[in-house]
Structures are given as C-alpha cells and as structure tokens.
Amino acid sequence: MDNIFLIGFMGCGKSTVAACLQEQYEMQVIEMDQVIAESQEMSIPDIFEKRGEAYFRDLETALLNEMKTRGGQVVSCGGGVVLREENVDIMKESGTVVLLTAKPETILKRVMEDDGRPILKGKKTVEEIEKLMEVRREKYEKAADFIVSTDNKKIRKIAEEIMNQLKGESVC
Ligand code: S3P
C-alpha cells in the first residue's frame, strides 16, 4: 500500500489532519519533525541553531528515503520538504502527495504562540508569511497530486475530503 504524504506551509494543518486520519481511519502516522527531533535528542530549533539548516534538510531526505521501504503510512512532512527536488521524487516513488493550503491570516493565527519554528523567527506577520509562501508556492503546487484547502473547514471534513480523493485515485 502506498504512503500518503501531507505537505504544505507551516501551520496549514498537516499534524492535526494526520492525527485525525489516525483516529478516524486507523492509519499509521509518521510525524517527520518528531521523529527527527527524537533521533537527534534535540528540538527542531536546537538542530537549526547547533547543526544548521542543511544538516536538518539532510535528515529529512534520509527519513523520506526510509519511508520508501515502508508502506501504508500517513507522513506528516515538515513544511520545507519540497525545497529539495530529490525529496519530491522520493515521495512520488512511494505514495501520493497531498498539499494542504491555508490563507496567510489563518497560518499566522495557528503559528503565533509557537516558538518551535526557526524559519518564522521574527517573521510572524501576514506580510512575511505571504512572502515566504510565495517563494515556495510553485514547489508546493508542482509536488502535489491534489490540493485540499483547510480554511474554515472542520478537521474531520478535511480528512474526509482526502480519503475521498484517494479513493478516486484508488490508492486505498
Ligand atoms: C519548516 C517547517 C517545520 C519544520 C522546520 C522547518 C519549514 O515543520 O520542519 O521548522 O522550512 O517550513 P512544520 O511545517 O510542521 O511546522
């Protein structure tokens, strides 16, 4: 069975939707950031600060490669996995890539109180988020097999939409 990769900008709802898929559909979930932080025994901000972003990105690629050997997992990806084309190729080889989207205003509300995202340090304004989203937009859209918007939707509805789309693609 194929994996399902949830991609999208920070705060677009990947982890929440993955948790819902786990609860509602008994799917197995891999939280990439959590697995990486545990393997390094360090928080994501500490990995960025002490080892640098490139080191973190290498860990992401290694973990995605590992996912190729497993199947049937929902992989809640870090928001930056699409930055490397290699990562997109790896995901495409082992599953379906689902892009979750949200408006910058929605993102800001969701990330405001959280200091766990080094990329957004000092950039928690709608304008900065919009700018960063714009830089990444093409990569997200190119990587996606299909797109689900999360603005003003209940989590269960988003999970349902994903499952319906996947059924249409006869992935599960
Ligand atoms: C990042 C997103 C984060 C985390 C890291 C870098 C990014 O994950 O992987 O802070 O570059 O967009 P979330 O999208 O789960 O916040």
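Definitions and limits used
By convention here, each chain's residues receive numbers from 1 onward along its written sequence. Where local features are concerned, this predicted model is filtered to residues with pLDDT of at least 70; where side-chain atom pairs are given and counted, the filter is 80 or more; whole-chain, interface and lining totals use all residues. Note: side-chain values were computed over all heavy atoms of the structure, leaving out hydrogens and water. Summary of the burial criterion: residues with accessible area below 20% of their type's maximum are buried, those above 50% are exposed, and those between are partly exposed, where the area comes from a 1.4 Å probe applied to protein chains only. Helix numbering and strand numbering both begin at the N terminus, where a helix is a DSSP run of H or I of at least 4 residues and a strand a DSSP run of E of at least 2. Paired strands are those between which DSSP finds at least two bridges. Throughout this description, the term nonpolar core refers to a set of buried Ala, Val, Leu, Ile, Met, Phe, Trp, Tyr and Cys residues connected via side-chain atoms within 4.5 Å. Here, residues are in contact when the closest pair of their heavy atoms is within 4.5 Å.

Now for the pairing of strand E3 (residues 73–76). Of the two faces of E3, the one carrying Gln73 and Val75 and the one carrying Val74 and Ser76 are both buried. Inspection of the sheet shows strand E1 (residues 3–7) paired to E3 by 3 bridges, in the parallel sense. Within the sheet, the bridge partner assigned to phenylalanine 5 lies in E3 and is valine 75. Looking at chain direction, strand E2 (residues 28–31) and E3 are connected through 4 bridges and run parallel. Bridge assignment links isoleucine 30 to a residue of E3, and that residue is valine 75.

A few words now on the nonpolar core. The biggest cluster of nonpolar side chains holds 56 residues, and the ones touching the most others in it are Leu6, Ile7, Phe9, Met91 and Ile162. Sort the elements by how many residues they give to this core and helix H7 (residues 126–143) lands first, with 6 residues. In contact with isoleucine 162, other than residues within four places in its own chain, are Leu6, Val17, Val98, Leu100, Phe146 and Val148.

Quick look at unusual backbone geometry now. Even without being a glycine, glutamate 41 presents a positive backbone phi close to 50°. Relative to the helices and strands, glutamate 41 is located in the loop between helix H2 (32–40) and helix H3 (44–51). Non-glycine residue asparagine 152 carries a positive phi angle of around 55°. Among the structural elements, asparagine 152 can be located in the loop between strand E5 (146–149) and helix H8 (155–168).

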